[in-house]
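# Overview (structure and organization)
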Amino acid sequence: MQCRVDVAVMIGSGVPAGLRALGQSVCWVVLLNGERRGTAFASRNEAEQCKAAWLAQLQAECADSLH
């Protein structure tokens, strides 16, 4: 099964209230097959790290299913 993992940017009212209260007007989220997974991140780097973790987990699951 092929899964797509992306990082998307959210701006303005799309930013969760907790981040907006901290002065953030932009955040990044991880999408798995187009659906948001997990929390919103204050930096793109954090979101990219989360994306890498998702990819590693999915790769491990695929390797396990081959055995």
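Note: the structure precedes this text.
Residues numbered from 1 in each chain as written. Predicted model: local features only at pLDDT ≥ 70, side-chain atom pairs only at ≥ 80, totals over all residues. Heavy atoms only, no water.

## Examining the sheet that holds strand β3 (residues 35–41)
Spatial strand order, β1-β2-β3: three strands in an open sheet with antiparallel pairing. The sheet is open, and its two edges are formed by β1 (5–11) and β3, each paired on a single side. Recorded for the sheet is a direction-independent mean angle of 30° between the axes of neighbouring strands. Pairing between strand β2 (residues 26–32) and β3: four bridges, direction antiparallel. Bridge pairing links leucine 32 to glutamate 35 in β3. (Pairing = 2+ DSSP bridges. Helix = DSSP H or I, 4+ residues; strand = E, 2+ residues; numbered from the N terminus. Axes fitted to C-alpha atoms, helices over the stretch in contact; angles between N-to-C directions.)

## Describing the nonpolar core
Here is a general trend for soluble globular proteins: nonpolar side chains tend to be buried in one another's company. Val5, Val7, Trp28, Val30, Leu32, Phe41, Ala47 and Leu58 together form the largest nonpolar core, which totals eight residues. Breaking this core down by element, the ones donating at least two residues are β1, β2 and α2 (44–65). Considering each element in turn, this core owes the most residues, three residues, to β2. If sequence neighbours within four positions are ignored, leucine 32 has contacts with Cys3, Arg4, Val5, Arg37, Trp54 and Leu58. Counting residues in each nonpolar core, the second largest holds six residues, with Val15, Leu19, Val29 and Ala40 among its members. (Core = buried A, V, L, I, M, F, W, Y, C linked by side-chain atoms within 4.5 Å. Buried < 20%, exposed > 50% of the residue type's maximum accessible area, 1.4 Å probe, protein only. Contact = heavy atoms within 4.5 Å.)

## Some remarks on the pairing of β2
A large share of β2 lies buried, amounting to six of its seven residues. Here β1 runs beside β2; their pairing, made up of seven bridges, is antiparallel. Paired with alanine 8 across the two strands is valine 29, which belongs to β2. The turn linking β2 back onto β3 is made up of two residues, and asparagine 33 within it adopts a positive phi angle of 55°.

## Quick notes on the pattern of salt bridges
Taken as a whole, this structure holds three salt bridges when the rule is applied. The partner of aspartate 6 in a salt bridge is arginine 4, and the shortest N-O contact between them spans 2.7 Å. Aspartate 6 sits in the partly exposed class, given a relative accessible area of 23%. Across the salt bridge formed by arginine 37 and glutamate 35, the nearest N and O atoms sit 3.7 Å from each other. A relative accessible area of 31% places arginine 37 in the partly exposed class. (Salt bridge = Lys/Arg side-chain N within 4 Å of Asp/Glu carboxyl O.)

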